[in-house]
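As a plain string of letters, each chain reads:
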Amino acid sequence: MKAISKLKSIASASPSPSRSLCLVSIGSRNVPASSSSSSLLDDFTNFCYRRDLPRAMKAMDAMQRHGIWADSITYSELIKCCLTRGAVNEAKLVHNHVFSNGHQPKTFLINILLNMYVKFNLLDQAQELFDQMPERNVVSWTTMISAYTNAKLNAKALKSLILMLREGVMPNMFTYSSVLRACDGLLSLTQLHCCIIKAGLESDVFVRSALIDIYSKLGELQNALGVFNEMVTGDLVVWNSIIGGFAQNSDGDEALNLYKRMKRAGFPPDQSTLTSVLRACTGLALLELGRQVHVHVIKFDQDLILNNALLDMYCKCGSLKDANFVFTRILEKDVISWSTMIAGLAQNGFSREALNLFQSMKNYGAKPNYITILGVLFACSHAGLVEDGWYYFQSMKKLFGIDPGREHYGCIIDLLGRAGKLDQAIKLIHEMGFEPDAVTWRALLGACRVHRNVDLAIFAAKKILKLDPEDAGTYILLSNIYANSQRWDEVAEVRRTMKVKGVRKEPGCSWIEVNKKIHAFILGDDSHPQIDEINSHLNQLIHRLMGLGYVPDTNFVLQDLEGEQSEDSLRYHSEKLAIVFGMISMSRGKTIRIRKNIRICGDCHIFAKLLTKMEQRTIVIRDPIRYHHFQDGVCSCGDYW
């Protein structure tokens, strides 16, 4: 009874019910004029099930004054109505009513009130109600654990599970699937996994799915796959979890293999499956496979999440024509749709078009977000639009209420550096509200290399290596800068440091999709079955290009380093091999699309431009920085990358 009185005190803070019903006296009690106690209860039940909130609240007011209560199911219908309408005050009146005049509601109804407060995001009120419950069952505990997890109160969620067990309440599959999301480390996850096995719940669909999700989130893909492979999977939810886990961890190959297994097992893909498969195609730049997935997407028509994933795939595979087709067909575009298309245009070298689309977005009435402005600044940076970029950077807070983040500073520093405004760039770095990261210093270093500012380049390189001591690219660039300045002692010191730290340059690798198969090329790797034919054709092309004035540019190799000190190393760069293989294998009208793991070098950029003019081919190369569309001797980047 003490606990119940406390529950009543919680409810007493609620607003008083309306008192607008007309009453008459029947016997010793006042009841509504047109109704007996029974008919009043019937009316109240009717109003609740019809979701007539105003009349239900008036009937409840009359019931409270005359000591009448309905059953828990009826109150649950009324609470659903309050939740649907966002009627917080009315919901609190229901709480007040069910505890009025010493009435003691059942645990079932208190759990519904608990859930009501959670859904209204009133976690403090939910906590207070939970603490005063005379009896708490598995539903009570699970409701609170789920609420803590959703609120990112992970420690509290895990602690509640321990308290629940101490109280003798056994968690069920819903408890575990909720608390698993609170794990932010492998130790707590493995402990929970053991508890699940002991409870015999490891075969439950929701628990398995949650286990796979959290193992994937922590990057433990083999553990996730172990959970998946433990038993035959008879539910699409679990398939989606494992496919999504690999896709989100950039293991597109395994995600696609699992997708094929799922189809062979007879499971049709749904929106979640297709979103993950599109993510895998995006990461691997598999345009043809992405187009096949598009056929399945059409079945779901205007599913916005799916269409945004499709749009992102086409943008990141460098097919702007397909991307624009998808974008124009999205009837209700959200900020993700606009931002994806703006960034896609910018990354593919169509900066002016990106800025025009940004203007259309504002005219449409869509509000830009952090990512949108990043795409706009990227467009300005990679087209050398200093005035436009500086304007958007300076006004983003005033116009859109967005504070510049580290990525925004990185774009504007890159823009200033590329334009030769190195003093302004370094000044902005020092004025940043947070410490510059390695990406910021790399942007400055790249500009210093272009504008041959040796002292500032050395300063930036040392900053990078302090933050990222394993960055092979910076060591190589620093070594070349010293070599160009005839500072051989420093060159030797850089290379000695690389050797001691075991830092090696990542070998360039290029991938091309031909006839639904992926072909990979690496400098110095002769394992491809057609490598002799490719090398022979490449030598012929270089010979013809030299007749047109092509001269290999050795500024883009590590000077005096074994295996890369001559024109021969440039001749067999991976992207050149992939381009030639594409020319041999694909008809002249098809675009040659290549993905590369490191930034394209200047010599290969010149080679691709001249080749498209000489051979009348179209080539698209995607590197980690941007996309290069080569056609008629011109690149979409305008030689500004």
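Residues numbered from 1 in each chain as written. Predicted model: local features only at pLDDT ≥ 70, side-chain atom pairs only at ≥ 80, totals over all residues. Heavy atoms only, no water.

Brief notes about the overall build of the chain
Worth spelling out the cut-off: Numbering of helices and strands starts at the N terminus; helices are DSSP runs of H or I of at least 4 residues and strands are runs of E of at least 2. To get the radius of gyration, use the C-alpha atoms; to get the globule rule, take the number of residues to the power 0.38 and multiply by 2.2 Å. Burial here depends on accessible area, computed with a 1.4 Å probe over protein chains only, as a share of the maximum for the residue type. Under 20% is buried, over 50% is exposed, and the range in between is partly exposed. When checking whether two residues touch, look at their non-hydrogen atoms; a contact exists if any pair is within 4.5 Å. Areas reported here follow the Shrake-Rupley algorithm with a probe of radius 1.4 Å; residue values treat only the protein chains shown as occluding. We count Lys and Arg on the positive side and Asp and Glu on the negative side, and we leave His and both chain ends out. Every charge is mapped onto a representative atom, which is NZ of Lys, CZ of Arg, CG of Asp or CD of Glu.
Within the chain, the secondary structure is distributed over 33 helices and 8 strands. In terms of overall size, the chain is more extended than a compact globule, its C-alpha atoms giving a radius of gyration of 32 Å where 641 residues would be expected to give roughly 26 Å. When the 641 residues of the chain are sorted by exposure, 51% land in the buried category. Restricting the contact set of the chain to residue pairs at least 6 apart, pairs at least 24 apart contribute 64%. Carbon and sulfur atoms make up 51% of the accessible area of the chain, which totals about 30500 Å². Each charge sign in the chain was given a centre, from 73 positive and 65 negative side chains, and these centres are 5 Å apart.

Some points on the sheet that holds strand β5 (residues 592–596)
Counted only if it meets this: A pair of strands counts as paired when DSSP detects no fewer than two bridges linking them. For helices, the axis comes from a line fit to the C-alpha atoms of the stretch in contact; other axes are also lines fit to C-alpha atoms, and the angle between any two N-to-C directions lies between 0 and 180 degrees.
Judged by pairing direction, the sheet is mixed, and its 6 strands sit side by side in the order β4-β3-β5-β6-β7-β8 without closing on themselves. Two strands in the sheet have a free side with no partner beyond their single neighbour: β4 (517–522) and β8 (634–635). As defined by bridge partners, β5 adjoins strand β6 (residues 618–622) across 4 bridges and the pair is classed as parallel. Counterpart to Ile594 in the pairing with β6 is Ile621. Seen against the sheet, helix α32 (residues 574–585) touches β3 (509–514), β4, β5 and β6 and runs at an angle of roughly 15° to β3.

Points about a nonpolar patch on the surface
Defined as follows: For patch detection, residues must exceed 30% relative accessible area and be free of salt bridges, and they are connected within 9 Å for like charges or within 5 Å for nonpolar side chains (Val, Leu, Ile, Met, Phe, Trp, Tyr). Salt bridge, as used here: a side-chain nitrogen of Lys or Arg that lies within 4 Å of a carboxyl oxygen of Asp or Glu.
A surface patch of nonpolar side chains, about 300 Å² in accessible area, is lined by Tyr49, Ile73 and Phe108. Among the secondary structure elements, Phe108 is positioned in helix α6 (residues 107–119).

Comments concerning the pairing of β5
On any regular strand, side chains alternate: one points to one face of the sheet, the next to the other face. Burial analysis of β5 places 4 of its 5 residues in the buried class, the great majority of the element. Both β3 and β5 contribute to a ladder of 3 bridges, which runs antiparallel. Across the sheet, residue Trp511 finds its bridge partner in β5, namely Arg595.

With respect to unusual backbone geometry
One non-glycine residue, Asn515, adopts positive backbone phi at about 55°. Secondary-structure assignment places Asn515 in the loop between β3 and β4. Residue class for Asn515 comes out exposed when judged on its relative accessible area of 68%. Look at Gln616: it is not a glycine, yet its phi comes out positive at around 55°. Position of Gln616 relative to the elements: it lies in the loop between α33 (602–615) and β6.

Quick word on the environment of Gly473
Its location among the elements puts Gly473 in helix α28 (residues 472–484). A C-alpha to C-alpha distance of 45 Å links Gly473 and Ala265, two positions 208 residues apart in sequence.

A closer look at the packing of aromatic side chains
Note the following rule: Any pair of Phe, Tyr and Trp rings, taking the six-membered ring for Trp, is counted once the centres come within 6.5 Å. Such a pair is stacked with planes under 30 degrees apart, edge-to-face with planes over 60 apart, and tilted for the rest.
Applying the stated criterion across every chain, the model contains 16 aromatic pairs. Aromatic side chains Phe174 and Phe206 sit 6.1 Å apart centroid to centroid with 40° between the ring planes, which places their arrangement in the tilted category. Highlighted residues: Phe174 in helix α10 (residues 173–179) and Phe206 in helix α12 (residues 205–217), separated in sequence by 32 residues. Consider the rings of Phe393 and Tyr409, whose centres lie 5.1 Å apart with planes at 80°: the pair is edge-to-face. Of this pair, Phe393 sits in helix α23 (residues 386–400) while Tyr409 sits in helix α24 (residues 406–418), and the two are 16 residues apart along the sequence. Side by side, Phe393 and Tyr409 carry an identical accessibility label, which is buried. The rings of Phe358, Tyr391, Tyr392 and Phe400 are connected pair by pair, giving a single aromatic cluster.

Focus on helix α26 (residues 438–451)
This is how the line gets drawn: Expected span of a helix, by definition, is 1.5 Å for each gap between consecutive residues, and there is one gap fewer than residues.
Its 14 residues place the ends of α26 20 Å apart at the C-alpha level, agreeing with the 20 Å of an ideal helix rising 1.5 Å per residue. Among the residues making up α26, those that are buried are Ala438, Thr440, Trp441, Ala443, Leu444, Leu445, Ala447 and Cys448. Where the residues of α26 are buried, they touch α24, α25 (422–431), α27 (454–467) and α28. Just downstream of α26, Arg452 is the residue with a positive phi angle, here 55°.

A look at the nonpolar core
We apply this condition: Note on terminology: a nonpolar core comprises buried Ala, Val, Leu, Ile, Met, Phe, Trp, Tyr and Cys residues joined through side-chain atoms within 4.5 Å.
Ranked by size, the top nonpolar core spans 163 residues in total, and within it Phe44, Leu78, Ile242, Met341 and Leu444 carry the most contacts. Setting aside its immediate chain neighbours within four residues, Leu444 contacts Leu422, Ala425, Ile426, Ile429, Leu456 and Ala460. Core analysis: the next-biggest nonpolar cluster, separate from the first, contains 31 residues, Leu545, Phe581, Phe607 and Phe630 among them.

Describing helix α4 (residues 72–85)
Put simply, the rule reads: Pairs of N or O atoms within 3.5 Å make up the polar contacts considered here, provided that, within protein, one atom can donate a hydrogen while the other can accept it, and that residues adjacent in sequence are counted only when both atoms are side-chain atoms.
In this model, α4 (14 residues) spans 20 Å end to end at C-alpha, consistent with the 20 Å of a helix rising 1.5 Å per residue. For α4, the full list of buried residues reads Ser72, Thr74, Tyr75, Ser76, Glu77, Leu78, Ile79, Cys81 and Cys82. Near the N-terminus of α4, the side chain that reaches the backbone nitrogen of Ile73, with its oxygen 3.0 Å away, is that of Asp71. Directly beyond the C-terminal end of α4, a positive phi value near 65° is found at Gly86.

Considering the confidence of the model for the chain
Parts of the model with low pLDDT should not have their predicted coordinates read in detail. To be explicit about the condition: Per-residue confidence from the predictor is reported as pLDDT, a score between 0 and 100.
Mean pLDDT over the chain: 88, with 92% of residues reaching 70 or higher. The weakest mean pLDDT in the chain belongs to strand β1 (residues 23–26) at 32; the strongest belongs to helix α8 (residues 138–150) at 97. Overall, residues 1–35 carries pLDDT values under 50, and its contacts beyond four positions in sequence, including any with other chains, amount to 68 contacts. Low pLDDT, under 50, characterises residues 560–566; the predicted model gives this stretch 10 contacts beyond four residues in sequence or across chains.

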